Amino acid sequence: MARRIEHRTTSRWPARDVYAALVDQTYLRDRLAELGGSNPELVAFTTTDQSTSYQLKQGVPADKLPSVARGLLGGDLVIDRAESWTEAGYAGTVEVTLNGVPGQLDGTITLADTAAGGSELTLTGQVKVGIPIMGGKLEAMIAEQVALLLDKESEFTAEWLARRA
């Protein structure tokens, strides 16, 4: 059974500025350097006038993982994350796979201006891990870690935009 995830982050920056950062190679490399863990990499990056797609690889050292994940993985966690964004509507999709875990996170991402003048990024999706008995615990842990990562990325984005203002 999949675990639904919905997470929102807010920014004082308008959606157009946040979107411009999210689809910028320099921003992605800077974000990976700051938050990407062990051996971060921008694996692929493709952009057109209307859309941008990229694949990121991030690592989490085994000693930073909850014990249930350490036992299952037997080493570091490697996260493969693919995102595709369209400028029209500032909408995207995300798919995340984890090494050593038969499962994934997939969902949609939307970015919209708020009445207060900033913007809100919303991830709506599901986490599914196909391991009997342990799957539910791992899904909950992954959903929690994704929420924490999105919060950190939102803070990084605000600081990155402020440095360029």
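Below, the structure is looked at part by part. Remember, it's a predicted structure, so these values are computed and weren't measured experimentally.

1. Re the overall build of the protein chain
Counting its regular elements, the protein chain contains 4 helices and 7 strands. Reading the protein chain from its N end, one meets helices and strands in the order β-α-α-β-β-α-β-β-β-β-α. The dimensions of the protein chain, computed from C-alpha atoms along their principal axes, are 45 × 30 × 25 Å. Considering the protein chain as a whole, with its 165 residues, one finds that 40% of them fall into the buried category. Pairs at least 24 residues apart make up 52% of the contacts formed inside the protein chain by residues separated by at least 6 positions. In the form shown here, the protein chain has an accessible surface area of approximately 8,800 Å², with 52% of it arising from carbon and sulfur atoms. Seen as two clouds, the 16 positive and the 22 negative side-chain charges of the protein chain have centres 4 Å apart.

2. Here we look at the sheet that holds strand β3 (residues 51–60)
Taken in spatial order, the 7 strands make up an open sheet running β1-β7-β6-β5-β4-β3-β2, and their pairing is antiparallel. A single partner strand is all that each edge strand has here, and the edge strands are β1 (3–11) and β2 (41–47). Ignoring which end each strand starts from, the neighbouring axes of this sheet average 15° apart. Here β3 runs beside strand β4 (residues 77–86); their pairing, made up of 10 bridges, is antiparallel. Bridging across to β4, L56 finds its partner in R81. Sheet strands touched by helix α1 (residues 15–22): β1, β3, β4, β6 (103–113) and β7 (119–129). Its angle to β6, the strand with the most contacts, is close to 140°. Of the strands in this sheet, β1, β3, β4, β5 (91–98), β6 and β7 are in contact with helix α4 (residues 135–164), which crosses β1 at around 10°.

3. Section: unusual backbone geometry
At N39, a residue that is not glycine, the phi angle is positive and equals roughly 50°. Looking at the element boundaries, N39 is found in the loop between α2 (25–35) and β2. Residues other than glycine seldom take positive phi values, yet Y90 does so here, at roughly 45°. Within the fold, Y90 resides in the loop between β4 and β5.

4. Structural notes on the side chain of R31
Structurally, R31 is set in helix α2. In this structure R31 comes out as buried when scored by relative accessible area, which is 4%. Apart from the residues lying within four places of it in its own chain, the contact partners of R31 are L22, G36, L56, R81, E153 and F156.

5. Quick notes on the packing of α1 against α4
Two elements in contact, α1 and α4, have axes whose closest approach is 10 Å; the angle formed by their N-to-C orientations is 100°. One way to sum up the angle between α1 and α4 is to call them roughly perpendicular. Residue-level inspection shows D17, V18 and A21 of α1 in contact with α4, the latter providing T157, W160 and L161. Residue composition of the contact of α1 with α4, by class: 4 nonpolar, 1 polar and 1 charged.

6. Quick word on the packing of α2 against α4
Two numbers describe how α2 lies on α4: the axes approach to 11 Å, and their chain directions differ by 125°. When the axis of α2 is compared with that of α4, the two are oblique. Like other packed secondary-structure pairs, α2 and α4 cross with a definite hand, here right-handed. For the pair α2 and α4, the contacting residues are T26, Y27, D30, R31, E34 and L35 in the first and K152, E153, F156, T157, W160 and R164 in the second. A per-class count over the contact of α2 with α4 returns 4 nonpolar, 2 polar and 6 charged.

Cut-offs applied
Residues numbered from 1 in each chain as written. Predicted model: local features only at pLDDT ≥ 70, side-chain atom pairs only at ≥ 80, totals over all residues. Heavy atoms only, no water. Helix = DSSP H or I, 4+ residues; strand = E, 2+ residues; numbered from the N terminus. Buried < 20%, exposed > 50% of the residue type's maximum accessible area, 1.4 Å probe, protein only. Contact = heavy atoms within 4.5 Å. Areas by Shrake-Rupley, 256 points an atom, 1.4 Å probe, with all protein chains shown as cover. Lys, Arg positive; Asp, Glu negative; His and termini not counted. Charge placed at Lys NZ, Arg CZ, Asp CG, Glu CD. Pairing = 2+ DSSP bridges. Axes fitted to C-alpha atoms, helices over the stretch in contact; angles between N-to-C directions. Parallel < 35°, antiparallel > 145°, perpendicular 65-115°, else oblique. Nonpolar A, V, L, I, M, F, W, Y, C, P; charged D, E, K, R; others polar. Left-handed = near helix turned anticlockwise from the far one by under 90°.

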